[in-house]
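Structure at a glance
These are the residues of each chain, in order.
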Amino acid sequence: MTYSELETLYHLPLFELLQRSRKVHEAHWPAGEVQLCTLLSIKTGGCSEDCSYCAQSARYNSGVTPERLMEKCQIMERAKAAKQSGSTRFCMGAAWRGVREGTERFEQVLDIIQDVSELGMEVCVTLGELGPTEALRLKQAGVTAYNHNIDTSPEHYPNIVTTHSFQDRLNTIRHAQDAGMSVCCGGILGLGETTQDRLKMLEVVSEFNPQPESVPINSLMPMPGTPLAEQQKVDVFDVIRIIALARISIPKAKVRLSAGRTHFSEEAQALCFFAGANSIFYGDKLLTASNPAVEKDLALIDKLGLKPQEPNRNLPAPDADSKKALEPQLG
Ligand code: SAM
Ligand code: DTB
Ligand code: SF4
């Protein structure tokens, strides 16, 4: 969707915007379901990158102790527990710049993915930068979706991260899509960006071809010791508007109300679901930051008359329109 279309929608009176996003939501997601995704940090901290929001960067004194890659048996225990508790998606995150074919740690991760994928949940990983070979190997190991966020607009990105570029992020997304993985791609609100930056971020994500299978909308969790530790909290009505726009511009995607829910009231979260969110991270911890308790989330879903979503193991990457196929280049 073009920037100007997004901008027009964004400035509608809130209820008019919500009416529009609701219509799109009901046409594509009539069942009133919320997908529950469990997140596990399989390799925490000590990351070489300087993403200024992230507690896992080795450059900041955030109090996160760097750990080694978790043992497969521990990860399997957590994955089985996630399935038992109703999660249909298991997302494994690693604090790495990326992974490389031929390294021991990549082989270890592939082995872990293979075993997790046999449990029958959707398997999502977020391991940083990928080349074409790494992407193919991940797909073969059983990854259904690769999470790689663009996080903000191309213009604001260099103010937030200097150790890799926005174009590097787009290249990885292209490699994941070319290997046949679905892509999970969104961003963070609250990085000191303008409304324009938020709309540009959505313009880029909605113009991916194919469009992403899911779009996480994170609100900054200000992490002590990071350059953004004192950043002002994002206004929940801005979050609601961006969710509505994501729903309208990427109708078939699961829109994930991601980091930041601990700062939102139940009423605010209800409006996010009404606007088009239909997925959450489920479990009292994200990667290093906190998340609402499982019982609270289940109670909220129940109070709203929503229901947990059934698993879908066949997540094919949506068909790319080959004529319109976009080169992942910045304009
Ligand atoms: N290293 C990999 C990468 O950068 O893609 C994977 C892990 S990284 C922590 C995954 C995503 O978490 C980031 O792209 C960002 O959107 C989100 N994230 C990280 N720290 C956050 C924070 N403090 N608040 C909100 N979202 C955050
Ligand atoms: C995403 O967009 N949000 C998740 C997941 N993808 C990997 C991560 C949120 C991290 C929040 C900060 C933390 O836990 O350190
Ligand atoms: Fe590393 Fe990812 Fe955190 Fe950036 S966001 S510092 S790449 S773990």
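Please refer to the structure placed before this passage.
Residues numbered from 1 in each chain as written. Chains lettered and ligands numbered in written order. Predicted model: local features only at pLDDT ≥ 70, side-chain atom pairs only at ≥ 80, totals over all residues. Heavy atoms only, no water.

As for the state of the cysteines
Considering all chains together, one arrives at 0 disulfides under this definition. Cysteine 124 supplies the cysteine sulfur nearest to cysteine 91, a cysteine that is in no disulfide, at a spacing of 4.3 Å. The buried category is assigned to cysteine 91, whose relative accessible area is 4%. Under the relative-accessibility criterion, cysteine 124 is labelled buried at 3%. (Disulfide = S-S within 2.5 Å. Buried < 20%, exposed > 50% of the residue type's maximum accessible area, 1.4 Å probe, protein only.)

Here's the deal with the packing of helix α8 (residues 195-206) against helix α9 (residues 236-249)
With their axes 10 Å apart at the nearest point, α8 and α9 run at an angle of 20° to one another. As judged from the angle between their axes, α8 and α9 are roughly parallel. Of the two possible hands of crossing, α8 and α9 adopt the one that is right-handed. In contact with Arg198, Leu199, Leu202 and Ser206 of α8, α9 contributes Asp238, Ile242, Leu245, Ala246 and Ser249. Residue composition of the contact of α8 with α9, grouped by class: 5 nonpolar, 2 polar and 2 charged. (Axes fitted to C-alpha atoms, helices over the stretch in contact; angles between N-to-C directions. Helix = DSSP H or I, 4+ residues; strand = E, 2+ residues; numbered from the N terminus. Parallel < 35°, antiparallel > 145°, perpendicular 65-115°, else oblique. Left-handed = near helix turned anticlockwise from the far one by under 90°. Contact = heavy atoms within 4.5 Å. Nonpolar A, V, L, I, M, F, W, Y, C, P; charged D, E, K, R; others polar.)

Brief notes about the nonpolar core
Within the largest apolar cluster, 91 residues are counted, with the highest numbers of intra-cluster contacts made by Met92 and Leu138. In terms of residues, this core owes the most to one element, α9, which gives 9 residues. Residues contacting methionine 92, with those up to four places away along its chain left out, are Leu40, Ile42, Ile75, Ile112, Ile113, Val116, Val123, Cys124, Val125, Thr126 and Leu127. Counting residues in each nonpolar core, the second largest holds 12 residues, with Ala55, Met221, Phe281 and Ala289 among its members. (Core = buried A, V, L, I, M, F, W, Y, C linked by side-chain atoms within 4.5 Å.)

Considerations on the site of ligand 2
Contacts to ligand 2 come from Leu39, Thr126, Asn147, Asn149, Pro216, Asn218, Ala259, Phe281, Leu286, Leu287, Thr288 and Ala289. Asparagine 218 is positioned such that a nitrogen or oxygen atom in its side chain is 2.8 Å from an oxygen atom of ligand 2. In the environment of ligand 2, an oxygen atom lies 2.6 Å from a nitrogen or oxygen atom belonging to the side chain of threonine 288. For ligand 2, whose accessible area on its own is 410 Å², the fraction buried by protein is 87%. Residue composition of the shell around ligand 2, by class: 7 nonpolar, 5 polar and no charged. (Near = heavy atom within 4 Å. Polar contact = N/O pair within 3.5 Å; in protein donor to acceptor, adjacent residues only side chain to side chain. Areas by Shrake-Rupley, 256 points an atom, 1.4 Å probe, with all protein chains shown as cover.)

Examining the site of ligand 1
If you check the shell around ligand 1, you find 17 residues, and the closest are Thr126, Asn149, Asp151, Arg169 and Met221. In this structure, a nitrogen atom belonging to ligand 1 sits 3.3 Å away from a main-chain N or O atom of alanine 94. Contact distances for ligand 1 include 3.3 Å between a nitrogen atom and a backbone N or O atom of tryptophan 96. For ligand 1, the accessible surface in isolation is 560 Å², of which the surrounding protein chains cover 89%. Residues of the shell around ligand 1, tallied by class, amount to 9 nonpolar, 6 polar and 2 charged.

Some remarks on the side chain of glutamine 269
As for its position among the elements, glutamine 269 is in helix α10 (residues 266-275). By relative accessible area, which is 4% here, glutamine 269 ends up buried. Discounting residues that sit within four places of it in the chain, glutamine 269 has contacts with Leu257, Arg261, Phe264 and Leu300.

Brief notes about the pattern of salt bridges
In the structure shown here, the tally under the stated rule is 18 salt bridges. One salt bridge connects arginine 137 with glutamate 107, and the closest N-O pair in it is separated by 3.0 Å. Linking arginine 137 in helix α5 (residues 132-141) with glutamate 107 in helix α4 (residues 104-117), this pair joins segments that are 30 residues apart in sequence. On the accessibility criterion, arginine 137 (25% relative accessible area) is partly exposed. Measuring nitrogen to oxygen at the nearest pair gives 2.7 Å for the salt bridge that ties glutamate 266 to lysine 303. With glutamate 266 in helix α10 and lysine 303 in helix α11 (residues 294-303), this pair connects stretches of sequence that are 37 residues apart. One network of salt bridges, in which partners are shared, links Arg89, Glu122, Glu213 and Lys254. (Salt bridge = Lys/Arg side-chain N within 4 Å of Asp/Glu carboxyl O.)

Re α5
Restricting attention to buried positions, one finds in α5 the residues Glu134, Ala135, Leu138 and Ala141. The buried side chains of α5 occupy one side of the element, clustering within an arc of 125° when seen end-on. Those residues of α5 that are buried are in contact with α4, β4 (145-147) and α7 (166-178). Glycine 142 occupies a position one or two residues after α5 and carries a positive phi of about 120°. (Arc of directions from axis to C-beta.)

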